[in-house]
Amino acid sequence: MTEWLHWLLDPLQFAFIQRGLLEVVLMGLTCGLIGTYVVLRGMAFLGDAISHAIFPGVVIAFLLHINFFVGALAFGVLTAGTIGGLSRNRRVSEDTAIGVLFAGMFALGIVLISTIRGYTADLASFLFGEILGVSNEDVIASMIIGLLVLGALVLFHKELVLVAFDREMAEAMGLPVWLVDLALLILIAMTIVVSLRAVGNILVVAMLVTPAAAARLWTDRLGVMMALSALFGALGGVIGVFVSYRTDLAAGGTIVLVVTAWFGVSLLIAPRHGLLAQRRSAARTRAGETHA
Amino acid sequence: MVTAHYTGERAGNLASSGPAVRLQGVTVGYDAAPVLNNADLEIGWGQLVGVIGPNGAGKSTLLKTILGTLRPRGGTVTIGGYPAHTAGARNAIGYVPQREVVNWDFPVTVRDVVLMGRTARLGLLRFPGAADRQATQAALERVGMADLAGRQISQLSGGQQQRVFLARALAQGGNLLLLDEPLNGVDVTTQETIGALLHAHTAGGGTVLLATHDLELAAEWCTQIVLVNHAIVACGPPQTVLQPDLLRAAYGGHVLVMPTGNADTAHLIPDDHGHPGGRPPPTSRRSEGVAP
């Protein structure tokens, strides 16, 4: 018992672990909340694209020796705006616009970073995160961005929900639907920026999609889904950091594997929407039929 | 700015300053072939109006033009004297879209959906209050869905889903109700509930526009019929519009004219061309039993 407690509590005495844990909790909460919309609106590919397109912004910030949040945020908003604008043009399908943009931007990032001698170490930390290397400024920046996202989600809740549920009705009510879409894209971009230090560009889509997808299996209420999704994201982050510290495995990958495993468990055991529950109710229906 | 229309101002409910709907020289659609051409139409208050016509003739287009989600290329549209696209026009309207357009797996309850009807009235940055909850409850009771208010919407039958949509339109609080094929695939109970509500609405001075394929029902329910085929072919009381020659002109050769004992109106059924492909046929008793 005491051994187990030591295993759990000893790492907490290190400031870099405390910062890392705070950072993953912020990431988990923000990703979980915004991820609810990503899942309900089927925007997983879009989220992946924005995270890749942010990469050159991170590299440029690194080259210019400025805080990476500035570069990432600038490119995130730029990408969100470009995708939003392109998809209003009927000649280019949204799917195509996203595909062209994200590969092109990612390539730009790769080319830029290759100008640095011996760049592979930096590349890895950008692409896969470096949660135990976060600074105090990183945590503070994540906190500010996370609060902005949360504030926007609360203030524009009814508009975001209506556009996600029934676009036509939203248009009929005179809501500026494209503006709501653009705002959501920018919120997603901001959330991705919060997650970069923890899981990196490539894996961030998992934090946007997986906790929310698991949460959907446990509830039919939007508010509950958001709360559960945030909880799953934050908890997955914390567990991932502990496991990776103790086993010396890559932190970003471990965090994502934890939430992925939880999604798998949820898929199996969730009430009503889980596979087991559905098998049971199907069996009940069959039994009912034979009795009738 | 776009948001100017979405002000949430509480416009006066009884629009006495003009007819319910007035279209003057309205042309809607894309370049070469307009869906509606040079349409003139005037509908007063207290009318239950059936909008009929073959598939693709422009029934939905007409409704969406009045609703303000489609902008005409030429001509003017006013709702109760307010130009379409203004807050005054929008607050005068309640809308029931086709059931197929929303994501029924969305994790919201019946009550949540009806409360969405209040979105435009509330306006930006305002949360639903007691008055909105009362309007929601009243609307749920009128359509007989108060008992199921806590249900997730995917757990409803087609008829119940349609009644939720109608409740949402009532919660919008407008005097002009627009319904796009509300009777497709609904049960007899729902059909009777909807019929009673629409008649009560017009008795109270409101107007209803109802796009439908069911000519039999249009003849029975409506005080006016608008016959559409890329233009307004005819508009007037059922006995003058539901005439074999007019219908044959609109539907081509695809109408069976059935002689009946009822002297008021010819009883008519369009053949399969009159029903949307792939959708289940209406389960109403009226869809059968028309033959003498």
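The structure displayed is predicted, hence computed values, not measured ones.

1. Description of the overall build of chain A
No. 1: Along the backbone of chain A there are 13 helices and 0 strands.
No. 2: Written out in order from the N terminus, the α and β elements of chain A read α-α-α-α-α-α-α-α-α-α-α-α-α.
No. 3: Over its C-alpha trace chain A gives a radius of gyration of 21 Å, about what one expects of a compact globule, namely 19 Å for 292 residues.
No. 4: Its C-alpha atoms give chain A principal-axis dimensions of roughly 75 × 65 × 30 Å.
No. 5: In chain A, which comprises 292 residues, the share counted as buried stands at 48%.
No. 6: Taking all contacts inside chain A whose residues are at least 6 apart in sequence as the whole, residues at least 24 apart take part in 74%.

2. Structural notes on the overall build of chain B
No. 1: From N to C terminus, chain B includes 10 helices and 12 strands.
No. 2: Intrachain contacts of chain B at a sequence separation of at least 6 include 69% that bridge at least 24 residues.

3. Here we look at the sheet that holds strand β2 (residues 36–43) of chain B
All names here are of chain B.
No. 1: Pairing is antiparallel in the open sheet, where 4 strands are placed in the order β2-β1-β4-β5. Two strands in the sheet have a free side with no partner beyond their single neighbour: β2 and β5 (82–83).
No. 2: Note that strand β1 (residues 21–28) and strand β4 (residues 74–79) share 5 bridges and pair antiparallel. Bridged to V21 within β4 is I79.
No. 3: Here helix α1 (residues 59–67) sits on the sheet and contacts β1, β2 and β4; the angle it forms with β1, its principal contact strand, is near 115 degrees.

4. So, the packing of helix α2 (residues 15–40) of chain A against helix α7 (residues 136–155) of chain A
All names here are of chain A.
No. 1: Here α2 crosses α7 at 20 degrees, and the two axes come no closer than 10 Å. Relative to α7, α2 is oriented roughly parallel. With respect to the hand of their crossing, α2 and α7 are arranged in left-handed fashion. Across the interface between the two elements, R19, L22, E23, L26, L29, T30, L33 and I34 of α2 pack against N136, D138, V139, S142, M143, G146, V149, L150 and L153 of α7.

5. A word on the nonpolar core
Nonpolar side chains in soluble globular proteins tend to end up buried together.
No. 1: Counting residues in hydrophobic clusters, the biggest one holds 168 residues, and the most contacted among them are I54, A189 and V193 of chain A together with V51, I66, A167 and L178 of chain B.
No. 2: Non-local contacts of L178 of chain B, meaning those with residues more than four positions away in its chain, are made with L63, I66, L67, I93, Y95, V96 and L209 of chain B.

6. Here we look at the environment of L8 of chain A
No. 1: Tracing the backbone through its elements, the reader meets L8 of chain A in helix α1 (residues 2–9).
No. 2: Once the C-alpha coordinates of L8 of chain A and L40 of chain A are considered, the two residues, 32 residues apart in sequence, prove to be 36 Å apart.

7. A few points about the environment of G253 of chain A
Residues and elements named next belong to chain A.
No. 1: Examined against the element boundaries, G253 turns out to sit in helix α12 (residues 251–269).
No. 2: G253 sits in the partly exposed class, given 18 other C-beta atoms within 10 Å.
No. 3: As a C-alpha pair, G253 and I110 span 143 residues in sequence and 21 Å in three-dimensional space.
No. 4: In contact with G253, other than residues within four places in its own chain, are F128 and L203.

8. Section: the sheet that holds strand β3 (residues 48–52) of chain B
Residues and elements named next belong to chain B.
No. 1: Spatial strand order, β6-β7-β8-β3-β9-β10: 6 strands in an open sheet with mixed pairing. What marks the edges here is a single partner per strand, and that holds for β6 (93–96) and β10 (232–236). Averaged over all pairs of adjacent strands, the angle between their axes in this sheet comes to 15 degrees, without regard to strand direction.
No. 2: For β6 and strand β7 (residues 176–180), the ladder comprises 4 bridges, and the chain directions are parallel. Bridge assignment links I93 to a residue of β7, and that residue is L176.
No. 3: Packed onto the sheet, helix α7 (residues 188–203) meets β3, β7 and β8 (207–211) and runs at close to 145 degrees relative to β8.
No. 4: Strands in contact with helix α10 (residues 244–251) are β9 (224–228) and β10; relative to β10, the strand with the most contacts, it is inclined by about 150 degrees.

9. Here's the deal with unusual backbone geometry
Glycine aside, a negative phi is what most residues show, and trans is what most peptide bonds show.
No. 1: The phi angle at R272 of chain A is positive, at roughly 70 degrees, despite the residue not being glycine.
No. 2: Along the chain, R272 of chain A turns up in the loop between α12 and α13 (275–291).
No. 3: Using a count of 13 C-beta atoms within 10 Å as the deciding quantity, one classes R272 of chain A as partly exposed.
No. 4: With a phi angle near 60 degrees, L125 of chain B is a residue other than glycine that sits in the positive phi range.
No. 5: Of note, L125 of chain B is situated in the loop between α4 (119–122) and α5 (130–142).
No. 6: What makes L125 of chain B exposed here is the crowd of 10 C-beta atoms within 10 Å.

10. Examining α1 of chain B
All names here are of chain B.
No. 1: Burial analysis of α1 places 8 of its 9 residues in the buried class, which makes it a mostly covered element.
No. 2: When we look at burial in α1, the residues that qualify are K59, T61, L62, L63, K64, T65, I66 and L67.
No. 3: Just downstream of α1 lies G68, where phi reads positive at about 100 degrees.

11. Thoughts on the interface of chain B and chain A
No. 1: Contacts between the two partners involve 22 residues from chain B and, on the opposite side, 21 residues from chain A.
No. 2: Looking at side-chain class alone, the side of chain B that touches chain A contains 14 nonpolar, 7 polar and 1 charged residues.

12. As for the confidence of the model for chain B
Residue and element names in this part refer to chain B.
No. 1: The predicted model of chain B has a mean per-residue pLDDT of 83, with 80% of residues at 70 or higher.
No. 2: When the elements of chain B are averaged for pLDDT, strand β12 (residues 267–270) gives the smallest value, 51, and β3 the largest, 97.
No. 3: In the predicted structure, residues 1–5 sits below a pLDDT of 50 and forms 8 contacts with residues beyond four places in sequence or in another chain.
No. 4: In this model, residues 259–267 is a region of pLDDT below 50 whose contacts with residues beyond four sequence positions or in other chains number 16 contacts.
No. 5: As scored by the predictor, the complex reaches a pTM of 0.87 and an ipTM of 0.88.

13. What about the pairing of β8 of chain B?
Residue and element names in this part refer to chain B.
No. 1: Taking burial as the measure, the 5 residues of β8 include 5 buried ones, the bulk of the element.
No. 2: On β8, burial covers both faces: T207, L209 and A211 on one face and V208 and L210 on the other are all buried.
No. 3: The sheet contact formed by β3 and β8 spans 4 bridges and is parallel. Within β8, the position partnered with L48 by the bridge is V208.

Reading guide: rules and limits
Residues numbered from 1 in each chain as written. Chains lettered and ligands numbered in written order. Predicted model: local features only at pLDDT ≥ 70, side-chain atom pairs only at ≥ 80, totals over all residues. Helix = DSSP H or I, 4+ residues; strand = E, 2+ residues; numbered from the N terminus. Rg over C-alpha atoms; globule rule 2.2 N^0.38 Å. Buried ≥ 20, exposed ≤ 12 C-beta atoms within 10 Å, placed from the backbone. Contact = placed C-beta atoms within 7 Å. Pairing = 2+ DSSP bridges. Axes fitted to C-alpha atoms, helices over the stretch in contact; angles between N-to-C directions. Parallel < 35°, antiparallel > 145°, perpendicular 65-115°, else oblique. Left-handed = near helix turned anticlockwise from the far one by under 90°. Core = buried A, V, L, I, M, F, W, Y, C linked by C-beta atoms within 7 Å. Nonpolar A, V, L, I, M, F, W, Y, C, P; charged D, E, K, R; others polar. pLDDT = per-residue confidence, 0-100.

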